[in-house]
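Below are the chains, spelled out letter by letter.
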Amino acid sequence: MPLVSGSEIFKEARKNGYAIGAYNTNNLEWTQAILQSAQEKNAPVLIQTSMGAAKYMGGYKLVVDMVNNLIESMNITVPVVLHLDHGEYEHALECIEAGYSSVMFDGSSLPFDENLAKTKDVVERAHAKGMSVECEVGTIGGEEDGIVGTGELADIDECIQMVNTGIDFLACGIGNIHGVYPENWKGLDFDHLQAITDAVGKDVPLVLHGGSGIPQDQIERAITMGISKVNVNTEFQIAFAKATRQYIEEGKDQEGKGFDPRKLLAPGKEAIIKEAKNHIDWFGSADKA
């Protein structure tokens, strides 16, 4: 089936108390693994690229063609959203024209008034083409120069103003961070999540960035409180690297034609399939296609 907007499937997730996995892809094998996992679990799925990953793979148009061609060749019948993750303004506009079905405009580093104005423009352009839009209030924590931030709490009033622009789902900080969580991480702030939900309304799908490494029970609780989209990237990268390293350390790349990239990358691909399926079960989106 063709790519779909995220608008309706995330509204369904929000209404029915489950979340949809938003998985970053970095190459052909990752994309195949994500699609295969969703199809086998009969789950809607969102495949997303960072600006850097899309450049690495050859550009936004190549990504669109690759995903569309794989959907056809793999006979994928579940809903698939192709999304830009943390896109700057110009990149969001480029993806709208390239054929993505959803974009995240991340203007969180801009003055809020400018963020709001550009969000309205992105929403107008994207909705005119039937595409969904995600935007962010505040910034998601993470590692910078070896120092790990605890994760910012999104401003409630700014959340309300952002939702009023007509965006389809809202990324908001509730103590979550990008990358690996430190041992002294305090966990998600569920009181703040409840305050955001109360403020923006119970129909607005919320997005949890930095889903890698958050304990399953916290993710499941967050889903009951409005989180409808959970981003996962680092966790898959670690699983891919671990499986690939094991293959080489066991000397399998030196057995016969074990050096063939198709064989070398196969364990990493299988690791992503396993992780993606596990997360679909966590999120409750199996058999929701």
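For every chain, the first residue of its written sequence is number 1, and the numbers climb from 1 along that sequence. In view of the model being predicted, local features appear only for residues whose pLDDT reaches at least 70, and side-chain atom pairs are presented and counted only at 80 or more, with totals across whole chains, interfaces and linings using the full set of residues. Computation of side-chain values: all heavy atoms of the structure, hydrogens and water removed.

**Regarding the overall build of the protein**
(1) Moving on: Elements are defined by DSSP. Helices are runs of H or I of four residues or more, strands are runs of E of two residues or more, and each kind is numbered from the N terminus. What the protein contains, in helices and strands, is 12 helices and 10 strands.
(2) Moving on: Radius of gyration here uses only the C-alpha atoms, and the compact-globule reference equals 2.2 Å multiplied by the residue count raised to the power 0.38. What you see for the protein is a C-alpha radius of gyration of 18 Å, in line with the 19 Å of a compact globule of 289 residues.
(3) Moving on: Viewed in the frame of its principal axes, the protein has a C-alpha envelope of about 60 × 45 × 40 Å.
(4) Moving on: Throughout this description, buried means an accessible area under 20% of the type-specific maximum (1.4 Å probe, protein chains only), exposed means over 50%, and partly exposed covers the range between. Counting the 289 residues in the protein, one finds 55% classified as buried.
(5) Moving on: Throughout, a residue-residue contact means that at least one pair of heavy atoms, one from each residue, lies within 4.5 Å. Long-range contacts, defined as pairs at least 24 residues apart, comprise 72% of the intrachain contacts of the protein with a sequence gap of at least 6.
(6) Moving on: The protein chains shown are the only cover counted for residues, whose accessible areas, like all others here, come from Shrake-Rupley with a 1.4 Å probe. A total accessible area of about 12,800 Å² is found for the protein, and carbon and sulfur atoms account for 49% of it.
(7) Moving on: Here Asp and Glu are counted as negative and Lys and Arg as positive; His is not counted, and neither are the chain ends. Note that the charge is assigned to NZ on lysines, CZ on arginines, CG on aspartates and CD on glutamates. Here the protein contributes 24 positive and 43 negative side-chain charges, whose respective centroids are spaced 7 Å apart.

**A short note on the environment of glycine 21**
(1) Moving on: Assignment of secondary structure puts glycine 21 in strand 1 (residues 20–24).
(2) Moving on: Along the sequence, glycine 21 and alanine 276 sit 255 residues apart, while their C-alpha atoms lie 8.1 Å from each other.
(3) Moving on: Discounting residues that sit within four places of it in the chain, glycine 21 has contacts with Val45, Leu46, Val230 and Phe283.

**With respect to the UniProt feature "binding site: Zn(2+) 1" (unreviewed entry) in the protein**
(1) Moving on: Under the UniProt annotation, "binding site: Zn(2+) 1" (unreviewed entry) lies at His86, His178 and His209.
(2) Moving on: Within the secondary structure, histidine 86 sits in strand 3 (residues 80–87).
(3) Moving on: By the secondary structure assignment, histidine 209 is in the loop between strand 9 (206–208) and helix 9 (216–224).
(4) Moving on: Given a relative accessible area of 1%, histidine 209 falls into the buried group. UniProt positions are given in the numbering used here, feature names are shortened, and annotations may be inferred rather than shown by experiment.

**Things to note about the state of the cysteines**
(1) Moving on: A pair of sulfur atoms, both from cysteines and within 2.5 Å, is called a disulfide here. With the rule as written, the count across this model stands at 0 disulfides.
(2) Moving on: The closest cysteine sulfur to the non-disulfide-bonded cysteine 172 is located on cysteine 159, 5.3 Å from its own sulfur.
(3) Moving on: Using a relative accessible area of 1% as the deciding quantity, one classes cysteine 172 as buried.

**Side note on the packing of helix 7 (residues 156–163) against helix 8 (residues 190–200)**
(1) Moving on: Working convention: axes come from line fits to C-alpha atoms, limited for helices to the stretch in contact. Angles between N-to-C directions cover 0 to 180 degrees. Put simply, helix 7 and helix 8 touch, their axes get as near as 9 Å, and they point 40° apart. Here helix 7 lies oblique to helix 8, going by the angle between them. Considering how the two elements wind past one another, helix 7 and helix 8 form a crossing that is right-handed. For the pair formed by helix 7 and helix 8, the contact residues are Ile156, Cys159, Ile160 and Val163 on the first element and His192, Ala195, Ile196, Ala199 and Val200 on the second.
(2) Moving on: Partitioning the contact of helix 7 with helix 8 into residue classes produces 8 nonpolar, 1 polar and no charged. Working rule for angles: under 35 degrees goes down as roughly parallel, over 145 as roughly antiparallel, 65 to 115 as roughly perpendicular, anything else as oblique. The handedness criterion is simple: a crossing whose near helix is rotated anticlockwise from the far helix by less than a right angle is left-handed, and one whose near helix is rotated clockwise is right-handed. Note that Gly is not counted as nonpolar here; it falls among the polar residues with everything else outside the nonpolar set of Ala, Val, Leu, Ile, Met, Phe, Trp, Tyr, Cys and Pro and the charged set of Asp, Glu, Lys and Arg.

**Overview of the packing of aromatic side chains**
(1) Moving on: Each aromatic pair joins two rings of Phe, Tyr and Trp (for Trp, the six-membered one) with centres within 6.5 Å, and gets the label stacked for planes under 30 degrees apart, edge-to-face for over 60, and tilted for any other angle. Enumeration according to the criterion identifies 5 aromatic pairs in this entry.
(2) Moving on: Between tyrosine 23 and phenylalanine 236 the ring centres are 5.0 Å apart and the planes differ by 40°, which places this aromatic pair in the tilted class. In this pair, tyrosine 23 is assigned in strand 1 and phenylalanine 236 in helix 10 (residues 234–249), connecting sequence segments 213 residues apart. Both residues of the pair, tyrosine 23 and phenylalanine 236, belong to the buried class.

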